[in-house]
Amino acid sequence: MFGIGSRDLGIDLGTANTLVYAKGKGVIVREPSVVALQTDTKQIVAVGNDARNMIGRTPGNIIATRPMKDGVIADYETTATMIKYYIKQATKGTSSFLSSKPYVMVCVPSGITAVERRAVIDATRQAGARDAYPIEEPFAAAIGANLPVWEPTGSMVVDIGGGTTEVAIISLGGIVTSESLRIAGDEMDDAIVAYIRKQYNLLIGDRTSEMIKMEIGSAGDTDDIPNLEIRGRDLLTGLPKTIEITAKEIADALKDTVYAIVDTVKSTLEKTPPELAADIMDRGIVLTGGGALLRNLDKVISKETNMPVIIAENPLDCVAIGTGLALDHIHLFKNK
Ligand SMILES: Nc1ncnc2c1ncn2[C@@H]1O[C@H](COP(=O)(O)OP(=O)(O)OP(=O)(O)O)[C@@H](O)[C@H]1O
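Parameters and conventions
- Residues numbered from 1 in each chain as written.
- Predicted model: local features only at pLDDT ≥ 70, side-chain atom pairs only at ≥ 80, totals over all residues.
- Heavy atoms only, no water.
- Near = heavy atom within 4 Å.
- Polar contact = N/O pair within 3.5 Å; in protein donor to acceptor, adjacent residues only side chain to side chain.
- Areas by Shrake-Rupley, 256 points an atom, 1.4 Å probe, with all protein chains shown as cover.
- Helix = DSSP H or I, 4+ residues; strand = E, 2+ residues; numbered from the N terminus.
- Nonpolar A, V, L, I, M, F, W, Y, C, P; charged D, E, K, R; others polar.
- Domains from an automatic or database assignment.
- Contact = heavy atoms within 4.5 Å.
- Buried area = accessible area lost by both parts, 1.4 Å probe.
- Salt bridge = Lys/Arg side-chain N within 4 Å of Asp/Glu carboxyl O.
- Pairing = 2+ DSSP bridges.
- Axes fitted to C-alpha atoms, helices over the stretch in contact; angles between N-to-C directions.
- Buried < 20%, exposed > 50% of the residue type's maximum accessible area, 1.4 Å probe, protein only.
- Parallel < 35°, antiparallel > 145°, perpendicular 65-115°, else oblique.

## Observations regarding the site of the ligand
Then, number 1: Lining the immediate environment of the ligand, one finds 22 residues, of which Ala16, Asn17, Gly163, Glu210 and Lys213 sit closest.
Then, number 2: Interatomic distance of 2.8 Å between a backbone N/O atom of Gly163 and an oxygen atom of the ligand.
Then, number 3: One of the side-chain nitrogen or oxygen atoms of Lys213 is found 2.6 Å away from an oxygen atom of the ligand.
Then, number 4: The fraction of the free accessible surface of the ligand (660 Å²) that becomes covered by protein chains is 93%.
Then, number 5: Elements represented by at least two residues in the shell around the ligand include exactly helix 5 (185–200) and helix 6 (206–216).
Then, number 6: Broken down by element, the residue count for the shell around the ligand peaks at three residues, all from helix 6.
Then, number 7: Across the shell around the ligand, the residue classes break down as five nonpolar, twelve polar and five charged.
Then, number 8: Each of domain 1 (142–182 + 260–316) and domain 2 (185–253) accounts for three or more of the residues forming the shell around the ligand.

## Some words on the domain arrangement of the chain
Then, number 1: Domain parsing of the chain yields domain 1 (142–182 + 260–316) and domain 2 (185–253).
Then, number 2: If you average the C-alpha positions of domain 1 and of domain 2, the two centres end up 29 Å apart.
Then, number 3: Contact residues are listed per partner, giving ten residues for domain 1 and 14 residues for domain 2.
Then, number 4: Taken over both partners, the interface formed by domain 1 and domain 2 buries close to 810 Å², and the fraction arising from carbon and sulfur atoms is 55%.
Then, number 5: It is Gly162, Leu294 and Arg295 that lose the most area in domain 1 upon contact with domain 2, and together they represent 60% of the buried surface on that side.
Then, number 6: Run the count over domain 1 and domain 2 and you get zero salt bridges.
Then, number 7: Counting across the domain 1 and domain 2 interface gives eight residue pairs in polar contact (both at pLDDT 80 or more).

## A word on the side chain of Thr18
Then, number 1: With respect to the helices, strands and loops of the structure, Thr18 is situated in strand 2 (residues 17–22).
Then, number 2: Side chain to side chain, Thr18 and Ser33 meet in a polar contact 2.8 Å long.
Then, number 3: Not counting chain neighbours up to four residues away, the residues in contact with Thr18 comprise Ile11, Asp12, Leu13, Val29, Arg30, Glu31, Pro32, Ser33, Met82 and Tyr86.

## With respect to the sheet that holds strand 10 (residues 131–136)
Then, number 1: If you trace the five strands from one edge of the open sheet to the other, you get 3-2-1-9-10, paired in mixed fashion. Each edge of the open sheet carries a strand with a single partner, namely strand 3 (26–32) and strand 10. The sheet shows a mean angle of 20° between the axes of neighbouring strands, direction not considered.
Then, number 2: Note that strand 2 and strand 3 share six bridges and pair antiparallel. In the sheet register, Leu19 faces strand 3, and the bridge partner there is Arg30.
Then, number 3: Contacting strand 1 (9–13), strand 2, strand 3 and strand 9 (103–108), helix 2 (residues 76–91) crosses the sheet at an angle of about 140° to strand 1.

## Some thoughts on the environment of Ala168
Then, number 1: Mapped onto the elements, Ala168 comes out in strand 12 (residues 165–171).
Then, number 2: For Ala168, a relative accessible area of 0% gives the class buried.
Then, number 3: Residues Ala168 and Val157 lie eleven residues apart in sequence; the distance between their C-alpha atoms is 5.5 Å.
Then, number 4: Excluding residues that lie within four positions of it along the chain, Ala168 makes contacts with Pro138, Ser155, Met156, Val157, Ile175, Thr177 and Ser178.

## Let's talk about the packing of helix 4 (residues 137–144) against helix 10 (residues 318–325)
Then, number 1: With their axes 6 Å apart at the nearest point, helix 4 and helix 10 run at an angle of 90° to one another. With respect to helix 10, the axis of helix 4 lies roughly perpendicular. Where helix 4 abuts helix 10, its residues Glu137, Ala140, Ala141, Ile143 and Gly144 lie against Cys318, Val319, Ile321, Gly322, Thr323 and Leu325.
Then, number 2: In the contact of helix 4 with helix 10, the residues fall into seven nonpolar, three polar and one charged.

## Side note on the sheet that holds strand 13 (residues 174–181)
Then, number 1: With mixed pairing, the five strands of this open sheet are ordered in space as 13-12-11-17-18. Looking at the sheet topology across the chains shown, the edges are occupied by strand 13 and strand 18 (309–311). Neighbouring strand axes in the sheet, compared pairwise and without regard to direction, differ in orientation by 20° on average.
Then, number 2: Here six bridges tie strand 11 (residues 155–160) to strand 12, and the two strands are oriented antiparallel to one another. Bridge pairing in strand 12 places Ser155 opposite Ile170.
Then, number 3: Along the sheet, helix 7 (residues 247–270) contacts strand 11, strand 12, strand 13 and strand 17 (285–288); its crossing angle with strand 13, the most-contacted strand, is approximately 155°.

Here is the structure:
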């Protein structure tokens, strides 16, 4: 018997954001997956929001890095330290932390290799978990979006995060078919950087491109979206420069990424057994993850698939909520 208790945690270890869900409390930590390190000693200077504010603004002796890339661990030691910091933050005040470590349910992309999966389990244990149980991200997203995952009915979830887009058809507590694409929100940001550089010879940072995406980005129609003034460094003069860009330009820059996501949704639907496809037709495709907030993405997916598409409530929190709620079914998950 596991004896899951209130100290146990669900962690959405994301490429862009890390969220921690505590049983009975909900999401109690929501911070960017960023760590700032001393370049020479590799000592941690800051984690989360504090570290994110340093991106692109660090002096030579400090670097702000994202230890997760494309949904998997790119820098093992830094990821373990980051998880440790968040577990500590989530369990502070609960005096039992040292005497009784938490069980942790942690999400992993569905397309992960055995080695990548092992790294997540080991890093979470090293970070102070009593034991770690991986749950596939789209399954967690579906639980968090309140879909009837345990029932004999088809549900379809598209989780668009920073590094990965996970598409899955779920029925009877399992993933029937899924596809994982290592293209999502980060790729959209990169596409904006590349467009501005090519079109205007202007270099902008990752934070600026993400801000542009959130402010005026659209997967389709751009009517009624105002222009935006942005600042960067002119590559010809080397000096700061301000330009005005239109939503139409940004929509064009995002097109390839958007259609890579749409094609993955379509090819997953093509592999779906007909009975389940009929269920999905009734209930609709549910979008989760921060990428679900890209303007008009729901409309474009709906038009391209002829299916109803719904954006989950609190799309950024679905994976964390689902990971936490899955603690009640921890015996169904393997810790190897
Ligand atoms: N309003 C918005 N419009 C467009 N994109 C958004 C919006 N809000 C957040 N995002 C994007 O959502 C992404 C982060 O989503 P989320 O936190 O679900 O990802 P993650 O879980 O960290 O990543 P992954 O699942 O790939 O490991 C970022 O790329 C962010 O820019």
